Amino acid sequence: MATDLQDIVEHMRRFAWPDYLVFVSMLMLCILIGVYFGFVQRKPNTESEYLMGGRTMMVFPIALSLIASFISGITLLGLPTEVYSFGIQYVYVALGVTLMGFVMGFIYLPVFHKLNITSTYEYLETRFDRRLRMFGSIMFTIMNIGYLPIVIYVPALAFNQVTGVNIHVITPIVCIVCVFYTCVGGLKAVVWTDVVQTFSMFGALVLVAVKGTIDLGGSDVVFRSAWNTGRLERPNFDINPTTRHTFWSQLIGGFVYWLQTNAVSQNMIQRYLSLPSVAAGRRALWIFVFGVCLLMSLCSYCGLLIYATYQNCDPLTTKLARAKDQLLPLFVMDILRDLPGLPGLFVAGVFSAALSSLSTCLNSMSAVILEDFVKPFVHKPLSQRTINWIMRSVVVGVGALCAALVFVVEKMGTVLQLTMSLEAITNGPLLGTFTIGILIPWVESRSALTGGIFGVIFMSWLSLKAQYWVATGTIVFPHKPMSVDGCTYEFDRSLANATSTSVYTTDDIFPLFRVSYMWYTFLGAAVTILVSLLCSVLIFGRQDPKTVSPDLMAGFVRRYIHGPDVPSVQGNARVVVLTPNAYGKNGKTSHESAL
């Protein structure tokens, strides 16, 4: 066996022509699906057809699209590394995901589905006013533009690990393919490519799990090594919020995080609203919950499998894997390099996760830009041709911007952490604002907007400051035991003893900055709701709950405020909605608005 680290790296880069063939076939299949829905299946070229699939989509493909949209390459590559380094404590977030299914299915989903909207943020204007709608749309846009370059960059790192191909060669190609089928095929092309990509993701993980387990001699070897080093562990019931992962952070914090990303985010709600009924939406929701939990379990098992394989020679310490996100690709090439075509199947699975997340965000961005940034500011109805041009131009423009921002992500090392923190900055305040609208009808628009803005400022201060301390090495999370005693190749052993050079210690940091990131969305939502309630009581006054349309509230709130026999408005009917712009001084005047 080679004894030099670089020799090992080159030895593992055996991405042969069958692997490239499998990878290219996946991209070509995505293109063909876009061509079919864009040119062969001739449906009316309308906004509803392009953005919502005519609201007649089927449950199973939508459910698989939801899974593929939420699970990005970051999850496929990051979760095995998380389990490898810290153990399975994170996986108990499945409890929070399950709780989210109940709450979303019975509180949030019926409200959005009943209103027949395209952009989720239309709800905020109907319930409050246009200022809240713009607030939500701007937060969504900022989050997506910060997140999408990472979605492409992380799997490009994996591709670089197994092939040596420069990331700036592969990222434009993948972006062009994704932009093409999203642009020409609309939501239907996105959903059906997601179906293909979901099977590709599951197939890649099952392949790695089965082959790796066989090589080790059985799953009992995997679980025994994990148990002996504390990676396979019971839930941690510590109530300290600064502990990275506990049962409570995964149940409560995980529930709130998944509630925001699934129940009020345009990326996900747009798919639920493409189904014909609330009952169909609930069925898709539970398939999504089961599929995500299964996929996380597979990723976690792969993490334990990697540890069992490298327990005596940690590739992160030796720098055989130069970045944490390259650990799983390294393992794949180690066990599959002599089986042509299978490494290509794995890489296709990773890029499938990236393509599904990117196409979902592009399609959702076209809906938000059209509905929230264009239509409210034009004085006459747009022609269908103009609408089509705007929707497709947004897809092309945002796709090109994402490909360009990969250069920024690559050159500035801390940008990865800082950009990921943007999600925490926007998620909590957005969930808080929607929750106020659906559950707290006595809060009016000025109070809700003040709470949302204060929530964004607070979370910006908290998450960016915490990320700074993490980046400087002051806040360090202890890993599970790792060893390099069994390495058979040469590496820089000084790396194994490297420590932080920060002049501060973790105990010097203000405790709030040490709070687990799993609580961030919860904190953002809680601060937003609390400030809004205080403003309602102390500054702007309460809104009469009876002046809020029943269809804008959760069912149990509606029955409490308006009684059990209040009629429910369906579809495109007109509802009486009170907005602050129509209030007199006492806030009692209402006006009609058409949904």
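All residue numbers refer to position in the chain's written sequence, counted from 1. For this predicted model, a pLDDT threshold of at least 70 governs which residues receive local features, and a threshold of 80 or more governs which side-chain atom pairs are given and counted, while totals over whole chains, interfaces and linings are taken from all residues. Based on all heavy atoms of the structure, the side-chain values leave hydrogens and waters out of the count.

A. Spatial organisation of the overall build of the protein chain. Only DSSP runs of H or I reaching four residues or more are called helices, and only runs of E reaching two or more are called strands; each is numbered from the N terminus. Of regular secondary structure, the protein chain possesses 21 helices and 2 strands. For this analysis, residues touch if any pair of their heavy atoms sits within 4.5 Å. Restricting the contact set of the protein chain to residue pairs at least 6 apart, pairs at least 24 apart contribute 85%. We get accessible surface area from the Shrake-Rupley algorithm with a probe of 1.4 Å; when it comes to residues, only the shown protein chains can shield them. Surface accessibility of the protein chain: about 23600 Å² in total, with carbon and sulfur atoms responsible for 65%.

B. Representation of helix α8 (residues 130-163) within the structure. Taking 1.5 Å of rise per residue, 34 residues should cover 50 Å, and α8 covers 50 Å from first to last C-alpha, within 8% of that figure. The positive-phi residue at the C-terminal boundary of α8 is G164, with phi of around 85°. Expected span of a helix: the number of residues minus one, times 1.5 Å.

C. Inspection of the packing of aromatic side chains at higher detail. For Phe, Tyr and Trp, where Trp contributes only its six-membered ring, two rings pair if their centres lie within 6.5 Å, and the inter-plane angle classes them as stacked under 30 degrees, edge-to-face over 60, or tilted in between. In this structure the tally under the stated criterion is 19 aromatic pairs. Each ring, one from W461 and one from F513, has its centre 5.0 Å from the other, and the planes form 65°; the classification is edge-to-face. Of the two residues, W461 is situated in helix α19 (residues 445-471) and F513 in the loop between α19 and α20 (520-538); the sequence distance between them amounts to 52 residues. Among the residues examined, W461 registers a relative accessible area of 42% and is labelled partly exposed. With relative accessibility at 9%, the residue F513 sits in the buried group. Members of the aromatic cluster, joined through ring pairs, are F112, Y121, Y123, F140 and F434. Only Lys NZ and Arg CZ are tested; either one counts as a charge over a ring when it is within 6 Å of the ring centre and within 35 degrees of the ring normal. Sitting over the face of the ring of F377, R130 holds its NZ or CZ atom 5.6 Å from the ring centroid. Sitting over the ring of Y307, R231 keeps its end group 3.7 Å from the ring centre. Burial here depends on accessible area, computed with a 1.4 Å probe over protein chains only, as a share of the maximum for the residue type. Under 20% is buried, over 50% is exposed, and the range in between is partly exposed.

D. A nonpolar patch on the surface, seen in detail. On the surface, F237, I239, W248, I252 and F522 cluster together into a nonpolar patch covering about 490 Å² of accessible area. Tracing the sequence through the fold places I252 in helix α11 (residues 247-264). A patch consists of residues exposed above 30% relative accessible area that lack any salt bridge, with like charges linked at up to 9 Å and nonpolar side chains (Val, Leu, Ile, Met, Phe, Trp, Tyr) linked at up to 5 Å. By salt bridge we mean one thing: a side-chain nitrogen of Lys or Arg within 4 Å of a carboxyl oxygen of Asp or Glu.

E. The pattern of salt bridges, seen in detail. Tallied over the entire structure, the rule returns 11 salt bridges. As a salt-bridge pair, D372 and R133 come within 2.6 Å of each other at their nearest N and O atoms. Taken as a pair, D372 in helix α16 (residues 342-374) and R133 in helix α8 lie far apart in primary sequence, 239 residues in all. D372 gets classed as buried once you look at its relative accessible area, which sits at 0%. Put simply, D220 and R224 hold a salt bridge, and the shortest N to O gap is 3.8 Å. Of this pair, D220 and R224 both sit in helix α10 (residues 219-228), separated by 4 residues, roughly a single helical turn. Judged by its relative accessible area of 44%, D220 falls in the partly exposed class. Within the structure, one salt-bridge network assembled from shared partners comprises E125, R130, R133 and D372.

F. Inspection of the state of the cysteines at higher detail. Whenever a pair of cysteine sulfur atoms sits within 2.5 Å, that pair is classed as a disulfide. Per the counting criterion, the structure on display carries 1 disulfide. Across a sulfur-sulfur distance of 1.9 Å, C313 and C487 are joined as a disulfide pair. Where C313 bonds to C487 through sulfur, the torsion about that S-S bond is close to 105°, and the disulfide is right-handed. Residue C313 is found in the loop between α13 (278-310) and α14 (315-318), and its partner C487 is found in the loop between α19 and α20; the two are separated by 174 residues along the sequence. Both residues of the pair, C313 and C487, count as buried. The closest cysteine sulfur to the non-disulfide-bonded C302 is located on C299, 6.5 Å from its own sulfur. Here C402 is not cross-linked by a disulfide; its sulfur's nearest cysteine counterpart is in C175, at 6.5 Å. With a relative accessible area of 2%, C402 lands in the buried category.

G. Inspection of the nonpolar core at higher detail. Definition used in this section: a nonpolar core is a set of buried Ala, Val, Leu, Ile, Met, Phe, Trp, Tyr and Cys residues joined via side-chain atoms within 4.5 Å. If you look at the biggest cluster of nonpolar residues, it comprises 173 residues, and the most contacted ones within it are M100, Y108, F112, Y123, Y272 and F288. Once residues lying within four places of it in the same chain are set aside, the contact partners of Y108 are V103, L259, A263, V264, L431, T435 and I438. In this structure, M459, F513, V527 and V531 belong to the second largest nonpolar core, which totals 13 residues.

H. How the structure looks around the packing of α13 against helix α15 (residues 327-336). Packing of α13 against α15 brings their axes to within 11 Å, and their N-to-C directions diverge by 65°. For α13 against α15, the interelement crossing comes out left-handed. Across from L305, I306, T309 and Y310 in α13, the residues of α15 making contact are L327, L328, L330, F331 and D334. All amino acids are sorted into three groups, where Ala, Val, Leu, Ile, Met, Phe, Trp, Tyr, Cys and Pro are nonpolar, Asp, Glu, Lys and Arg are charged, and the leftover types, Gly among them, are polar. Its residues placed into classes, the contact of α13 with α15 shows 7 nonpolar, 1 polar and 1 charged. Each axis is a line fitted through C-alpha atoms, and for a helix only the stretch in contact is used; angles between axes span 0 to 180 degrees, taken between their N-to-C directions. Here a crossing is taken to be left-handed if its near helix is turned anticlockwise relative to the far helix by less than a right angle, and right-handed if that turn runs clockwise.

I. Structural view of the packing of helix α2 (residues 17-40) against helix α9 (residues 167-216). In contact at an axis separation of 7 Å, α2 and α9 are set at 50° when each is read in the N-to-C sense. With respect to their mutual orientation, α2 and α9 come out oblique. The interaxial crossing formed by α2 with α9 has left-handed handedness. Across the contact of α2 with α9, the residue classes tally to 18 nonpolar, 5 polar and 1 charged. Here the angle decides the label: under 35 degrees means roughly parallel, over 145 means roughly antiparallel, 65 to 115 means roughly perpendicular, and every other value means oblique.

J. Up close: the environment of T528. By secondary structure assignment, the location of T528 is in helix α20. Since its relative accessible area comes to 0%, T528 is described here as buried. With 74 residues separating them in the primary sequence, T528 and F454 have C-alpha atoms 6.7 Å apart. Not counting chain neighbours up to four residues away, the residues in contact with T528 comprise G428, P429, G432, T433, I436, G451, G452 and G455.

K. Fine view of the environment of G349. For G349, the position within the fold is in helix α16. The class for G349 is buried, based on a relative accessible area of 1%. With sequence-adjacent residues up to four places away left out, G349 is seen in contact with L76, S200, M201 and A204.

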